[in-house]
Amino acid sequence: MLYYDEESYNKPFSLGAWFLIGRFFRPFTGMLIRIALLMIASSFIDVLIPLYQKYIIDRFIVPGASDGVSRAALLGVAVMLAQFVSTVLFTRLAIRVEMGFSRDLKKACFDHLQKLSLSYYNTTPVGYMIARVMSDTDRIGLFVAWGLVDVMWGLSYVVFAVISMLILDARLGIWIAIMIPVMAVVTRIFQNRILTLNRKVRRTNAIMTGSFNEGILGARTSKTLVIEDENSREFDAIAGGMYRDTVRSATVSAIYSPVMMMFGAVAVALILVRGSSYSISGSLEFGALSALVSYSINIFEPIQHLSRIFSEITATQANIERVDSLLAQAPEITDSPQVVEIYGDSFNPKRQNWEPLIGDIRFDDVSFKYPDGDEYVLERFSLDIPAGTCVALVGETGAGKSTLVNLVCRFFEPTSGRILIDGRDYRERSQLWLHSNIGYVLQSPHLFSGTIRENIRYGRLDASDEEIDEAIRLVSAERAVAKLPMGADTDVGEGGDRLSTGEKQLISFARAVLANPRIFVLDEATSSIDTETERMIQNAISKILRSRTSFLIAHRLSTIKMADLILVVKDGKIIESGTHRDLLRKKGYYLQLYSMRFEDEIMI
Amino acid sequence: MLWNVSDGSRALYSAAVLFMLISVFCGFLLPQVVRFVVDNVVRGLPVYDIPVIPNILVLLGVERTTESLRKNIEAAGVVVLAIAAFGGICGYLYQRMLAQGAEGLILRLRSRLFSHIQSLPYEWHIAIQTGDIVQRCTSDVEIIRNFLFTQLIEIVRAVAFVFFAYVMLFRVDVPLSLASFVFLLVIFLYSFLFLRANADRFLPVDEAEGQLLAVAQENFTGVRVVRAFGREAYEVGRFGRQNEIYADLWVKLGNMLSTFWGVGDFLTGMQMITICAFGAIRASSGNITVGEFMVFLTYNSMIIWPVRGLGRVLSEASKARASLGRLVEILGSPAESDPPGAIETPISGGIEFDGVSFSYGDTPVLRDISFSIRQGTTLGILGTTGSGKTTVAHLLCGLYNLEEGCGEIRIDGININRYKRRWLRQNIGIVLQEPFLYSRTIGENIASLTPGRSPDELREAAAVARVDDAIMKFPQGYNTLVGERGVTLSGGQKQRVAIARAVLNSPPIMIFDDSLSAVDAETDAKIRAALARRAGSATTIIISHRMTSLSGADTVIVMEDGRIAEMGGPAELLARDGIYRRISDMQRIVESEISEAED
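Quick caveat: nothing in here was measured; it's all calculated off a predicted structure. (Residues numbered from 1 in each chain as written. Chains lettered and ligands numbered in written order. Predicted model: local features only at pLDDT ≥ 70, side-chain atom pairs only at ≥ 80, totals over all residues.)

K.L.:
In this structure, what is going on with the overall build of chain A? I would like to understand it.
P.N.:
Helices and strands together make up the secondary structure of chain A, namely 22 helices and ten strands. C-alpha atoms of chain A, sized along the principal axes, occupy 115 × 65 × 50 Å. Looking at chain A as a whole, 43% of its 604 residues qualify as buried. Summarising the internal contacts of chain A: among those between residues at least 6 apart in sequence, 79% fall at separations of at least 24. (Helix = DSSP H or I, 4+ residues; strand = E, 2+ residues; numbered from the N terminus. Buried ≥ 20, exposed ≤ 12 C-beta atoms within 10 Å, placed from the backbone. Contact = placed C-beta atoms within 7 Å.)

K.L.:
Before we go on, may I ask you to explain the interface of chain B and chain A in this structure?
P.N.:
Accessible area lost upon the coming together of the parts serves often as the stated size of an interface. Facing the 124 residues of chain B at the interface are 125 residues of chain A. Sorting elements by how many residues they give to the side of chain B that touches chain A places helix α11 (residues 232-284) of chain B first, with 30 residues. A per-class count over the side of chain B that touches chain A returns 67 nonpolar, 38 polar and 19 charged. (Nonpolar A, V, L, I, M, F, W, Y, C, P; charged D, E, K, R; others polar.)

K.L.:
Is there a simple way to explain unusual backbone geometry in this structure?
P.N.:
Negative phi values dominate among residues other than glycine, just as trans dominates among peptide bonds. A positive phi angle, close to 50°, is found at Asp412 of chain B, a residue other than glycine. Within the secondary structure, Asp412 of chain B is located in the loop between β4 (408-411) and β5 (414-415).

K.L.:
For this particular structure, what's the right way to read the pairing of strand β8 (residues 549-553) of chain A?
P.N.:
Residue and element names in this part refer to chain A. When you tally the buried positions in β8, you get five out of five residues, the bulk of the element. Here strand β3 (residues 390-394) pairs with β8 via four bridges, running parallel. Residue pairing for β8: Leu393 is matched across the bridge by Ile553. (Pairing = 2+ DSSP bridges.)

K.L.:
Would you take a moment to explain the packing of helix α6 (residues 126-168) of chain A against helix α11 (residues 300-328) of chain A for this structure?
P.N.:
All names here are of chain A. Running from amino to carboxyl end, α6 crosses α11 at an angle of 150°, the nearest separation of the two axes being 8 Å. Classed by the angle they form, the pair α6 and α11 counts as roughly antiparallel. Between α6 and α11 lies a crossing of left-handed hand. Looking at side-chain class alone, the contact of α6 with α11 contains 13 nonpolar, six polar and six charged residues. (Axes fitted to C-alpha atoms, helices over the stretch in contact; angles between N-to-C directions. Parallel < 35°, antiparallel > 145°, perpendicular 65-115°, else oblique. Left-handed = near helix turned anticlockwise from the far one by under 90°.)

K.L.:
So what exactly am I meant to see when it comes to the packing of helix α9 (residues 228-280) of chain A against helix α10 (residues 286-298) of chain A here?
P.N.:
In a packed pair of helices, the relevant descriptors are the angle between the two axes and the axis-to-axis distance. Residue and element names in this part refer to chain A. The geometry of α9 relative to α10 is characterised by a closest axis approach of 9 Å and an angle of 170° between their N-to-C directions. Our classification of the angle between α9 and α10 gives roughly antiparallel. Of the residues in α10, those in contact with Gly264, Ala267, Val268, Ile271, Gly275 and Ser279 of α9 are Phe286, Leu289, Leu292, Val293, Ser296 and Ile297. A breakdown of the residues in the contact of α9 with α10 according to their chemical character gives eight nonpolar, four polar and no charged.

K.L.:
For this particular structure, what's the right way to read the pairing of strand β2 (residues 363-373) of chain B?
P.N.:
Strand residues, when the strand is regular, have side chains that alternate between the two faces of the sheet. Residue and element names in this part refer to chain B. In this sheet, β2 lies alongside strand β1 (residues 351-360) in antiparallel orientation, the contact comprising seven bridges. Note on β2: the bridge partner recorded for Tyr360 is Thr363. Here β1 folds back onto β2 in antiparallel fashion, the turn holding two residues, of which Gly361 has a positive phi close to 60°.

K.L.:
How do you make sense of the confidence of the model for chain B when you look at a structure like this?
P.N.:
As a general rule, the predicted coordinates of low-pLDDT regions are not to be interpreted in detail. On average, residues of chain B score 88 in pLDDT, and 98% of them are at 70 or above. With a pTM of 0.82, the predicted complex shows an ipTM of 0.84. (pLDDT = per-residue confidence, 0-100.)

K.L.:
Whenever I open this one, the nonpolar core confuses me. Can you help?
P.N.:
Taken as a class, soluble globular proteins show a tendency for nonpolar side chains to be buried jointly. Formed by 248 residues in total, the largest nonpolar core has its most connected members in Leu292, Ala510 and Val521 of chain A together with Val33 and Val80 of chain B. With 20 residues, helix α5 (residues 74-119) of chain B is the single largest residue contributor to this core. For Val80 of chain B, the contacting residues outside a window of four places in its chain are Ala265, Val268, Ala269 and Leu272 of chain A together with Leu30 and Val33 of chain B. Residues Ile373, Ile428, Ile430 and Ile509 of chain B belong to the second largest nonpolar core, which totals 68 residues. (Core = buried A, V, L, I, M, F, W, Y, C linked by C-beta atoms within 7 Å.)

K.L.:
It is not clear to me how the sheet that holds strand β4 (residues 416-421) of chain A should be interpreted in this structure. Could you clarify?
P.N.:
Paired through backbone hydrogen bonds, the strands of a sheet run either parallel or antiparallel to each other. Here four strands make up an open sheet; going across it, the order is β2-β1-β4-β5 (chain A) and the pairing antiparallel. This sheet does not close on itself; its edge strands, each paired only once, are β2 (378-385) and β5 (424-425) of chain A.

K.L.:
In this structure, what is going on with the domain arrangement of chain B? I would like to understand it.
P.N.:
When the domains of chain B are assigned, the result is domain 1 (2-332) and domain 2 (351-571). Each of domain 1 of chain B and domain 2 of chain B has a C-alpha centre, and the two are 57 Å apart. (Domains from an automatic or database assignment.)

Shown next, in the form of structure tokens:
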């Protein structure tokens, strides 16, 4: 994940990237303006403080007077109350903008991802999407809110302070005003250097984490290979690099702060040397001297803030560009406007216009290659699957058995040719219409956090508890469910982690059964269920599949044998097809697979 | 434990603290110059109770008289610059030495962790969760680094600030110092107690973020399920709700924090006003001068931020202890070790198991296993999942310890416990069912054991494992990177690369632990034939649940429930009425099915 984060940083500032997310600013315009005004007020108060001290010195300390102190103190308290109110208000507003802005961006990204095609998911690592939705949006929100806070405060502090110094004593103030741009340039140079070094540190850190990960994951293998020492040596080299990088970065920071301190010292020396003679001659009050010293020390902070914001603008721009590119990603599979008009889209379906699905599927001269591949995996393929047919796909792991299912489910569309459902090209109807009629059970079953009941209800959101119990019974899961601490109300944990793979498969099977679909897809769905449960579920399967069109991917022999049609896949292509008997007679690849699986099953 | 890894860092760290103190002290001298100029130069007061500065001026040749001072006012500027420069150099040295000290310690800590984990016994690796350990090695180390690099030094610095400031201030005016000090204490306690009391209020927010992340992650990994059930709208609602919850919690927390900051700012301002008002009273009674008052104000602004920060640092520093505890747990686990007098005599490969019993915890896995394999022959072990066949291999490699009285395993007639473990494992090439490949190039993976082999030798080994063709199909051939940043190999390809790795080393004993399970029967047979040719003289153990994989073995053991159910040559076992025969009969069903189909 970190690898993606560190790319494409050093681009010049461009307004274009910011325009693209312009629409997200709209709800926050009012709040942003209020923040800006509050920051001006806040910096004004900060500039007032040395002036207040000047007043105290000249009015009380120098003449040694104490009458009216309480009034002066009350005035001070009033100013501090104003500061308190302004701090509370601007921090509240800033947090609201920060969270609101990133919340809206998160929502937009997530919603958009729901529209993108499966091919996008197949070629994009989950970590990459998570980084877009979670961290990029966070950083943009953070920058929009707090960047404005820093810029407004810093800029107006510098302006107010310079004005104040020039009024206090133009002869001295002008010198400090001249020093400001010099300090700004030096700060920029250092911060750029530090930023570059820190980026390198983060990269090295990511590599080191990977190395730890591998060292621990691979430890068992390393032990049998007896290469522990080599691994440790290799790790030491990486950790040593990390040491060098961090020390280098720290060294630059170590030079930077004394250099900035020297600027302050130069200003103070100047004020003391020149200012003292003005004071002696009576043209400069002590209070003004004190205020000038304060300003010349305090002025760094806003300059540092401003400089940091400059660096962050380009960094945040990279975050924005990544979010933009996600939002600009067009879905590869879309319903045409005409289809949407009749059937509705995923978010506003017009179910009243949906025809019932019967389940005749026809591949008509279909050619297909994956968007990221360059070889056709299907070429001019035609196949008629009447409603109620059970199709089994067999082949080695990774041979490409899922391709046909991906096409039937319209996760991918044919590169050329048509797929007809109930006699009509499935592109003439909406994706949701088709998907609402498909039950899908995966080999590595995917559950969502929540209870078993909630997970099963995913299949049909309006199902009653009785219907869910019925589904559990249908897949013979009632014993497994009853064994759990809270029965069907047991929390399955993140991704269903608290259940065994077999239990997860049963639940996902019940989920599909509840949906009562016309088309059933079982993707190696019963591979981790023990033999006894398997036998029970076998009956359920045959019962459920009877009147439905179904696709079984590489199943137990008993399931494969009962299929009406077996398609044998090798290297992504269908090389044999027919019934079990036909294929055995051919003595081809199927026979080989069959005998191998036979042996595997004996010993499991 | 930190002590052990801190050699070479302690001196640097102490020097860093020393330089830090000097630079802080220099920082505190600068306002004294201002005071000196205001009181002694401009106002001409004759009292010189300011530390150091008059002495420096004398060194510069300026007399302690108002006239001389006024005439040589530039000297004050020089003093300011000199102090700043000296303080700056000390500040640079402090930060650099701190980095070297702290980072050096962390470097050694990381190395220790890594090599210690490598040396921990197999059982430890079976029992742990990888994610948890990686987390400790990264986040916990980072927390300790933060403690050494920032928190500890911040605490020392803040204490030094307060100490220097008040040592100087109390000399000037006790009541005003006292007033300022009490207020400072209030500010510190306010920030420390507030953060400590509210530390757990961050938890629900973190949890909400975790849940939001989980929803997104589950959606992305389960996208097929979402799409297949047409649940996009439902998911959008789910994410939207959690997203709102998270943002709202933060806004609520933000409201609390904004009050905290606001009150902090207000208290800080009030302290300044107290000094101003009380200072005016003290000045009117002649107890402090203008210059002294200015020192009060400046010192006050200098110490206020370190003290406010101290509250946060202290409430966070407690994390370091918990982190350290988690690391000590790893480093305290005993590493594998050889018994005294372990030997490294050449191994030729005769193996004997003599009455071996073994259990994981209370679960017995092997019961009274005895067999022997002559050097250079092949043993096949057939058994169902959980029959204990893999444990036989692991025991032979010394990955587990065989307890006293639980039998003996001998290689070339010598108990394996008498060999050095590393020696033993170097002489046994074992290929696991799910082998691990390192994220290096394929070539480097094959040659992990035997670096420096020629490309031809690599290809030859890969050819034996029938993976050379597949490797050559990658654009970069043997230089193709494996893993996250490179290609993803299929299970079968990984197994074959691992076989090539073992073959290249050609050890006297080779074990294939179901390592051809993801390879089709034809390739399986070809690999076994090539192995037989190549590893002719090696003692070979093939573990499998596939009968055909064992057809070339000299002896076959059938394991059932931790026991040897049958043992003998394949032909011998077929002749006997046992499990082996029954399995073989079942396989004939396929053949009868074919003939049936042909009718």
